[in-house]
Amino acid sequence: MNPAIQGLLTIAIGVGGCLSYFYFSNQFLDKVLFPAKGPNAGRNINRANLVRPWLFLLPAILALGLYLAYPVFETIRLSLTERQTLSDGTTVYNFVGLANYAQMSEDPKFWEALVNNMFWLIVVPAASTAFGLLAAQLTDRISWGNLAKSLIFMPMAISFVGAAVIWKLVYDARPPGTEQIGVLNAIYVWLTGNDPQQWLTTPFWNSFLLMIVLIWIQTGFAMVILSAALRGIPEETIEAAIVDGANPFQIFFKIKMPQIAGTIVVVWTTITLVVLKVFDIVFAMTNGQWGTQVLANYMFNQLFVARDWGVGSASAMIIMLLVTPILYWNVRNARKEMR
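Only a predicted model underlies this, so the values are computations on that prediction, with no experimental measurement involved.

### Concerning the environment of D308
Okay, so step 1: Secondary-structure assignment places D308 in the loop between α13 (295–305) and α14 (309–338).
Okay, so step 2: Given a relative accessible area of 21%, D308 falls into the partly exposed group.
Okay, so step 3: Look past the residues within four positions of D308 in its chain and what remains in contact with it is Q103, Q302 and L303.
Okay, so step 4: Side chain to side chain, D308 and Q103 meet in a polar contact 3.4 Å long.

### A look at the packing of helix α4 (residues 108–139) against helix α8 (residues 205–231)
Okay, so step 1: Close contact between α4 and α8 brings their axes to 6 Å; oriented N to C, the two are set at 40°. As judged from the angle between their axes, α4 and α8 are oblique. Between α4 and α8 lies a crossing whose hand is right-handed.
Okay, so step 2: Here the residues of the contact of α4 with α8 are counted per class, giving 18 nonpolar, nine polar and no charged.

### Section: the packing of aromatic side chains
Okay, so step 1: For the structure shown, the criterion picks out 17 aromatic pairs.
Okay, so step 2: Ring centres of F22 and F56 lie 5.0 Å apart, and the angle between their planes is 20°; this geometry places the pair in the stacked category. Of the two residues, F22 is situated in helix α1 (residues 3–33) and F56 in helix α2 (residues 41–79); the sequence distance between them amounts to 34 residues.
Okay, so step 3: Classification of F22 by relative accessible area gives partly exposed; the value is 25%.
Okay, so step 4: Owing to a relative accessible area of 43%, F56 belongs among the partly exposed residues under this scheme.
Okay, so step 5: Ring centres of F279 and F283 lie 5.2 Å apart, and the angle between their planes is 25°; this geometry places the pair in the stacked category.

### Things to note about the UniProt feature "transmembrane region" (unreviewed entry) in the chain
Okay, so step 1: Feature annotation in UniProt assigns "transmembrane region" (unreviewed entry) to the following positions: residues 6–24, 54–73, 118–139, 151–170, 208–230, 260–285 and 309–331.
Okay, so step 2: The distance from the first to the last C-alpha atom of residues 208–230 is 30 Å, and the span holds 100% helix and 0% strand.
Okay, so step 3: Annotated as residues 260–285, this span is 85% helix and 0% strand, and its ends, taken at the C-alpha atoms, are 36 Å apart.

### Examining the side chain of T272
Okay, so step 1: Relative to the assigned elements, T272 resides in helix α11 (residues 261–276).
Okay, so step 2: With relative accessibility at 9%, the residue T272 sits in the buried group.

### A look at the pattern of salt bridges
Okay, so step 1: Under the defined criterion, the tally for this structure stands at four salt bridges.
Okay, so step 2: Across the pair E112 and K109 runs a salt bridge whose closest N-O atoms are separated by 3.4 Å. With E112 and K109 both in helix α4, this residue pair falls three residues apart, about one helical turn.

### A short note on the nonpolar core
As a rule of thumb, nonpolar side chains are buried together in soluble globular proteins.
Okay, so step 1: Core analysis: the largest hydrophobic core is formed by 56 residues, its most contacted members being W120, V124, L214 and M285.
Okay, so step 2: Residues in contact with W120, not counting those within four places in the same chain, are P125, S207, L210, M211, L214, V275, V278, V282 and V294.

### A word on the layout of surface pockets
Okay, so step 1: Taken as a whole, the largest pocket spans an internal volume of roughly 720 Å³.
Okay, so step 2: Lining the largest pocket are 23 residues; nearest its centre among them are V72, M320, V323, T324 and L327.
Okay, so step 3: Taken together, the elements giving at least two residues each to the lining of the largest pocket come down to α2, α13 and α14.
Okay, so step 4: The element best represented in the lining of the largest pocket is α14, accounting for 12 residues.
Okay, so step 5: Residue classes in the lining of the largest pocket are distributed as 16 nonpolar, two polar and five charged.
Okay, so step 6: Both of domain 1 (3–78) and domain 2 (103–338) provide at least three residues apiece to the lining of the largest pocket.
Okay, so step 7: By volume, the second largest pocket is sized at about 450 Å³.
Okay, so step 8: Residue assignment for the lining of the second largest pocket shows that the elements contributing at least two residues are α4, α8, α9 (235–243) and α10 (248–259).
Okay, so step 9: Broken down by element, the residue count for the lining of the second largest pocket peaks at six residues, all from α10.
Okay, so step 10: When the residues that make up the lining of the second largest pocket are grouped by side-chain class, the tally is 13 nonpolar, two polar and five charged.

### A look at the environment of M285
Okay, so step 1: Within the secondary structure, M285 is located in helix α12 (residues 280–285).
Okay, so step 2: Once residues lying within four places of it in the same chain are set aside, the contact partners of M285 are A164, W167, K168, Y171, L200, L210 and V213.

About the cut-offs
Residues numbered from 1 in each chain as written. Predicted model: local features only at pLDDT ≥ 70, side-chain atom pairs only at ≥ 80, totals over all residues. Heavy atoms only, no water. Helix = DSSP H or I, 4+ residues; strand = E, 2+ residues; numbered from the N terminus. Buried < 20%, exposed > 50% of the residue type's maximum accessible area, 1.4 Å probe, protein only. Contact = heavy atoms within 4.5 Å. Polar contact = N/O pair within 3.5 Å; in protein donor to acceptor, adjacent residues only side chain to side chain. Axes fitted to C-alpha atoms, helices over the stretch in contact; angles between N-to-C directions. Parallel < 35°, antiparallel > 145°, perpendicular 65-115°, else oblique. Left-handed = near helix turned anticlockwise from the far one by under 90°. Nonpolar A, V, L, I, M, F, W, Y, C, P; charged D, E, K, R; others polar. Phe/Tyr/Trp six-rings, centres within 6.5 Å; stacked < 30°, edge-to-face > 60°. UniProt positions renumbered as here; feature names shortened; annotations may be inferred. Salt bridge = Lys/Arg side-chain N within 4 Å of Asp/Glu carboxyl O. Core = buried A, V, L, I, M, F, W, Y, C linked by side-chain atoms within 4.5 Å. 1 Å grid on protein atoms, 1.4 Å probe; cavity = no way out; pocket = protein on both sides within 12 Å on 5 of 7 lines; lining within 4 Å. Points joined across faces, edges and corners; volume = space filled by probe spheres on them. Domains from an automatic or database assignment.

Encoded structure:
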């Protein structure tokens, strides 16, 4: 069957199934469980209204349980076991406790990935937020600001793999004496006259070149959120500062920044969550070679290349432990703002 037709059928079945569920479940609730007739009609209506919200929440709860809760518990289980294939072809899982974590801690590649993730956490959220804030402030002061915002935001529409392919071409190196198609090497050779460099194989610096890709993508996200926050600042505070003789820098750093500090933190932490799970860019550009390994790519290699489900699951748990506190902090702040 044609994939497009399969997709349409899947959508039709999914939508039809949801509509059917909501219709028949409400009919069952109102006509069978709590019929609105007889001496208990009023009480039945109240009971039905209490149960009805859960009917709408049930599919979401089941989906969250199936796609979020179950994988977490299964990953915990796998991280504490060792997968073994017997001579008859059957697979068993032997409980080994924290042995997988101990094995992972002895792997230099794991520590390389952890250190690199820390570098990503320091550089990418700070640079993306700073460039986004700068773009938000400057684009609001020019006549063609909306066009500039569209261009800056455009990388957000590109997948991480697509962005990685684009930047891999930017860093591309051809043999000396031939025309360079990589923009970076073309500029480097033109300015210095030296041979082109294999930028992605240069230790230490190659990690920063990978970070540039994510900064390029996330700057547009930060700009949009911070631009909205800047426009929400009361004009009275800015006018009062101007009357008091404040210059543009003082207005920005002492008037505007304190008022959007909460938004800046939200943008920072959101990008931090993206950084902790970064995989596509590293996998597509270096596959963790030449000192660029990160935790998500390390997990992928352990699970699907080395076929070591125990260590792979243990590394997944490390990523989850790093993400959970930031996620909890974001949710708590969101609830405070709702109150």
